[in-house]
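Single-letter residue listing:
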Amino acid sequence: MTERKSRRAVFAELLLLANPTSMRVFSDGKHLSIDFDSIADLKSWLFLAGLNSDDLLSGEHSHTDDDGRPYRRMNAYPTWHGWEIYASARDYTDPGPLGTDTVDKLAAVAGA
């Protein structure tokens, strides 16, 4: 295991490599929770940080939201700079009743 870097150093490096939507330190001072906007963002960070090894504990699962929208979730549990990480991301697989085209059309009508 590598020597543990300070929380500030880890957060600074994380922000240089990725654009997480949230970061949180657990009360035990040993674990970090990091959320990403998309599965692609999470995979990119794992690659850039050199954490996408064959022994990385990770998984992708399909679920349905409370409103019936299907999505994919990825979770990864790397150890990075001595910190145990819980990283996650979610991608909706269906744009829902108001897809991007519908929203764009409504915005165009509202602006006219």
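Preceding this paragraph is the structure being described.
Here's a quick rundown of the structure. No experiment lies behind these values; they were computed from the predicted model shown.

### Comments concerning the pattern of salt bridges
Where charged atoms from two side chains of opposite charge approach closely, those side chains can pair. Counted under the stated rule, the structure contains four salt bridges. Put simply, Glu60 and Arg72 hold a salt bridge, and the shortest N to O gap is 3.2 Å. Here Glu60, found in strand E3 (residues 58-64), pairs with Arg72, found in strand E4 (residues 70-76); they are twelve residues apart in sequence, far enough to count as distant. Looking at Arg72, the relative accessible area reads 28%, which means it is partly exposed. Put simply, Asp65 and Arg90 hold a salt bridge, and the shortest N to O gap is 3.5 Å. Remark: Arg90 occurs in strand E6 (residues 83-92) and Asp65 occurs in the loop between E3 and E4; sequence separation between them is 25 residues. On the basis of relative accessibility, which here comes to 28%, the residue Arg90 falls in the partly exposed class. It is possible to trace a salt-bridge network through shared partners that takes in Lys43, Glu60 and Arg72.

Definitions and limits used
Counting restarts for each chain, with residues numbered from 1 along the sequence as it is written. With the structure being a predicted model, the display of local features is reserved for residues of pLDDT at least 70 and the display and counting of side-chain atom pairs for 80 or more, all residues being used for whole-chain, interface and lining totals. The basis for every side-chain value is the complete set of heavy atoms in the structure, and neither hydrogens nor water enter the calculation. Salt bridge, as used here: a side-chain nitrogen of Lys or Arg that lies within 4 Å of a carboxyl oxygen of Asp or Glu. Runs of H or I in DSSP of at least four residues are treated as helices and runs of E of at least two as strands, each being numbered from the N terminus. Type-normalised accessible area, obtained with a 1.4 Å probe on protein chains alone, sets the label of each residue: buried when under 20%, exposed when over 50%, and partly exposed for intermediate values.

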